[in-house]
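A structural walkthrough
The lines below spell out each chain.
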Amino acid sequence: MGRDTLTADRIIRAAVELLDDEGLDGLNMRSLAKRLGSAATAVYWHIKTKDDLVRLASDAIWHEVELPDLDATDWRTAATAHASGMHAMLTRHPWLVQAFGSHFLYGPGQARHNDFSLSLYEKAGFAAADADRAAATVLTFVLGSALGPAAQVSLNRRLSKDGADTGQLMADAMAHARETAMRFPRLRERLGTTAATEYAAAPDDTFAFGLQSILDGFEARLTADRASRRE
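This structure is a prediction, so every number in the text was calculated from the model and none was measured. (Residues numbered from 1 in each chain as written. Predicted model: local features only at pLDDT ≥ 70, side-chain atom pairs only at ≥ 80, totals over all residues. Heavy atoms only, no water.)

1. A word on the environment of A151
Locating A151 in the fold gives a position in helix α8 (residues 128-161). Once the C-alpha coordinates of A151 and W95 are considered, the two residues, 56 residues apart in sequence, prove to be 9.0 Å apart. (Helix = DSSP H or I, 4+ residues; strand = E, 2+ residues; numbered from the N terminus.)

Okay, here's the thing in structure tokens:
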């Protein structure tokens, strides 16, 4: 397959699939070209570097997150849907969380969501500077919530590539972690009803609890601001 039969869009879609399968460490032009049935030189004709490829692939998957209609819903419902959509996207593509810490990521897909977040929190009643802070707070929380699952995927992939028995290694590590945690009273109490394999996992509904707590705080701040303006 020659370079004239490739398009940047096809290359980016294949890069997303490769990143989903192999992670950031598994992405290289040779592997991507093999997946496309092409030559690496043909890929380079369209996209010059691996960094460019990661940036373009990351921006493409932002389009998977739907933007709620701010004219048809209240700001809290919209904020919950938007944050949940971002979290689901990051869970589907765990490599993106890692890419945030190792690549310059920008593009129209991500910018569209940043702009939407600002308009959402301005609609809620925040002035521009506080809308920036609110949007950054929620994004930071979403990224942090997705970090654990992303790290687990990366760890499992690394261990399996080393030819190790991933399940046994994880069980051994969790057993050691549990043994350490049993020295501390509150952890010991909770471990009495928690299986060793679940020890490192976040409690059920942690993301929903945290997000709603943040939005509760926003709402309380907005209510207090409105009350102070009336005085």
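2. Quick look at the UniProt feature "DNA-binding region" (unreviewed entry) in the protein chain
As annotated in UniProt, the feature "DNA-binding region" (unreviewed entry) corresponds to residues 28-47 in the numbering used here. The straight-line gap between the two end C-alpha atoms of residues 28-47 is 12 Å; of that span, 75% is helix and 0% is strand. (UniProt positions renumbered as here; feature names shortened; annotations may be inferred.)

3. Re the packing of aromatic side chains
Applying the stated criterion to the full structure yields four aromatic pairs. Residues W75 and Y121 carry aromatic rings whose centres are separated by 6.3 Å and whose planes lie at 65° to one another, so their mutual orientation is edge-to-face. Residue W75 is located in helix α5 (residues 75-92), and its partner Y121 is located in helix α7 (residues 108-124); the two are separated by 46 residues in the primary sequence. Of the two residues examined, W75 and Y121, each falls in the buried class. Ring geometry for F141 versus F207: centroids 5.4 Å apart, planes at 15°, classification stacked. On the criterion of sequence distance, the pair formed by F141 in helix α8 and F207 in helix α11 (residues 206-230) is long-range, its members being 66 residues apart. Overall, F207 belongs to the buried group, its relative accessible area being 16%. Here the aromatic residues W75, Y121, F126 and F218 are joined through ring pairs into a cluster of three or more. Sitting over the face of the ring of W45, K48 holds its NZ or CZ atom 5.7 Å from the ring centroid. (Phe/Tyr/Trp six-rings, centres within 6.5 Å; stacked < 30°, edge-to-face > 60°. Buried < 20%, exposed > 50% of the residue type's maximum accessible area, 1.4 Å probe, protein only. Lys NZ or Arg CZ within 6 Å of the ring centre and 35° of its normal.)

4. What to know about the pattern of salt bridges
By the definition in use, this model includes seven salt bridges. For D52, the salt bridge goes to R55, with nearest N and O atoms at 3.5 Å. With D52 and R55 both in helix α4 (residues 50-61) and three residues apart, this pair spans about one turn of that helix. Judged by its relative accessible area of 24%, D52 falls in the partly exposed class. Classification of R55 as buried rests on a relative accessible area of 18%. Between D216 and R76 there is a salt bridge, with the nearest N and O atoms lying 2.8 Å from each other. One end of the pair, D216, is in helix α11; the other, R76, is in helix α5, and 140 residues separate them in sequence. The buried category is assigned to R76, whose relative accessible area is 15%. One network of salt bridges, in which partners are shared, links E17, D21 and R35. (Salt bridge = Lys/Arg side-chain N within 4 Å of Asp/Glu carboxyl O.)

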